[in-house]
Amino acid sequence: MKFFIDTASLKEIQEAQDLGVLDGVTTNPSLMAKEGIGGDQNVKDHYKAICKIVDGDVSAEVISTDYEGMIREGEELVKLSDQIVVKIPMIRDGVKAIRYFSERGIKTNCTLVFSAGQALLAAKAGATYVSPFIGRLDDVSTDGLILIEDIRTIYDNYGYETQILAASVRHSMHILSCAKLGADVMTGPLSAILSLLNHPLTDIGLAKFLADHAKVNK
Ligand code: G3P
């Protein structure tokens, strides 16, 4: 399973990279705004800075909602680095734009996916990644993991190569459940990745090892 970090914070991206388990980065306009990144050139410079920290794919989201605008923005974004994946919302013009980019060998991430039907359309359009938002489904009392399971079944039935990028991941159980269900990638905050480390028996065991070592090494 690939681990992407879902943030525009260079500090957190560097921390995840230093841990040695990072495969890529996803961003969105809200995450860029949270870091105070605005203005065309600042946004582009920020994506370049992210690409310098990680080796893998970096999703950069278009702001336009019309076909021509998405193509124009996406073509500008991919000039920044060959790591850039054009992130496109699941709307009618978005599906057309995904087809356009996929025919030209440009990677895409279809975002804001909340149903298996949307995921099927994204795969048919040739998306590299599809991003079902599991946390936001959980927020409205709908089991986001069932969506991951359904998409896995559909993609396997027909051999679609679109990778399932479980997004809006909030905690370690989301990551584990997505791994069990066969999501190809998960993207979440640094806190969710780090929470995989935690087990009280590890802490208790390490404290005892160190205490025993200290007894005979005074
Ligand atoms: O990758 C999608 C993600 O940014 C949404 O996460 O926590 O805002 O629902 P969240």
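In short, a report on the structure.

Conventions we followed
- Residues numbered from 1 in each chain as written.
- Predicted model: local features only at pLDDT ≥ 70, side-chain atom pairs only at ≥ 80, totals over all residues.
- Heavy atoms only, no water.
- Near = heavy atom within 4 Å.
- Polar contact = N/O pair within 3.5 Å; in protein donor to acceptor, adjacent residues only side chain to side chain.
- Areas by Shrake-Rupley, 256 points an atom, 1.4 Å probe, with all protein chains shown as cover.
- Nonpolar A, V, L, I, M, F, W, Y, C, P; charged D, E, K, R; others polar.
- Patch = residues over 30% accessible without salt bridge, like charges linked within 9 Å, V, L, I, M, F, W, Y side chains within 5 Å.
- Salt bridge = Lys/Arg side-chain N within 4 Å of Asp/Glu carboxyl O.
- Lys, Arg positive; Asp, Glu negative; His and termini not counted.
- Charge placed at Lys NZ, Arg CZ, Asp CG, Glu CD.
- Helix = DSSP H or I, 4+ residues; strand = E, 2+ residues; numbered from the N terminus.
- Contact = heavy atoms within 4.5 Å.
- Buried < 20%, exposed > 50% of the residue type's maximum accessible area, 1.4 Å probe, protein only.
- Axes fitted to C-alpha atoms, helices over the stretch in contact; angles between N-to-C directions.
- Parallel < 35°, antiparallel > 145°, perpendicular 65-115°, else oblique.
- Left-handed = near helix turned anticlockwise from the far one by under 90°.

**Comments concerning the site of the ligand**
Near the ligand the following residues occur: Asp6, Asn28, Phe133, Arg136, Ala167, Ser168, Arg170 and Thr187. Within the contact set of the ligand, an oxygen atom lies 2.8 Å away from a side-chain nitrogen or oxygen of Asn28. One of the side-chain nitrogen or oxygen atoms of Arg170 is found 2.9 Å away from an oxygen atom of the ligand. Within the complex, 82% of the 310 Å² of free accessible area of the ligand lies under protein. Looking at the shell around the ligand, its residues break down into two nonpolar, three polar and three charged.

**A few points about a negative patch on the surface**
On the surface, Glu12, Glu15, Asp18 and Glu35 cluster together to form a negatively charged patch. Among the structural elements, Glu12 can be located in helix 1 (residues 10–19).

**A short note on the environment of Ala192**
Structurally, Ala192 is set in helix 10 (residues 190–194). If sequence neighbours within four positions are ignored, Ala192 has contacts with Arg170, His171, Ser172 and Ile175.

**Quick look at unusual backbone geometry**
The backbone phi angle of Leu112 is positive, close to 60 degrees, even though this residue is not glycine. Notably, Ser168 is not glycine yet its phi reads approximately 55 degrees, a positive angle. Position of Ser168 relative to the elements: it lies in the loop between strand 7 (163–166) and helix 9 (172–181). By relative accessible area, which is 10% here, Ser168 ends up buried.

**Looking at the environment of Asp138**
Following the sequence through the fold, Asp138 ends up in helix 7 (residues 134–139). A relative accessible area of 32% means that Asp138 is categorised as partly exposed. It is 25 Å that separates the C-alpha atoms of Asp138 and Val95, two residues lying 43 residues apart in sequence. Beyond its immediate sequence surroundings of up to four residues, Asp138 is in contact with Asp143, Gly144 and His174.

**Re the packing of helix 1 against helix 3 (residues 40–53)**
Packing of helix 1 against helix 3 leaves a shortest axis separation of 10 Å and a crossing angle of 15 degrees. Accordingly, the angle class assigned to the pair helix 1 and helix 3 is roughly parallel. Between helix 1 and helix 3 lies a crossing of right-handed hand. Residue-level inspection shows Leu10, Ile13, Gln14 and Gln17 of helix 1 in contact with helix 3, the latter providing His46, Ala49, Ile50 and Ile53. Residue classes in the contact of helix 1 with helix 3 are distributed as five nonpolar, three polar and no charged.

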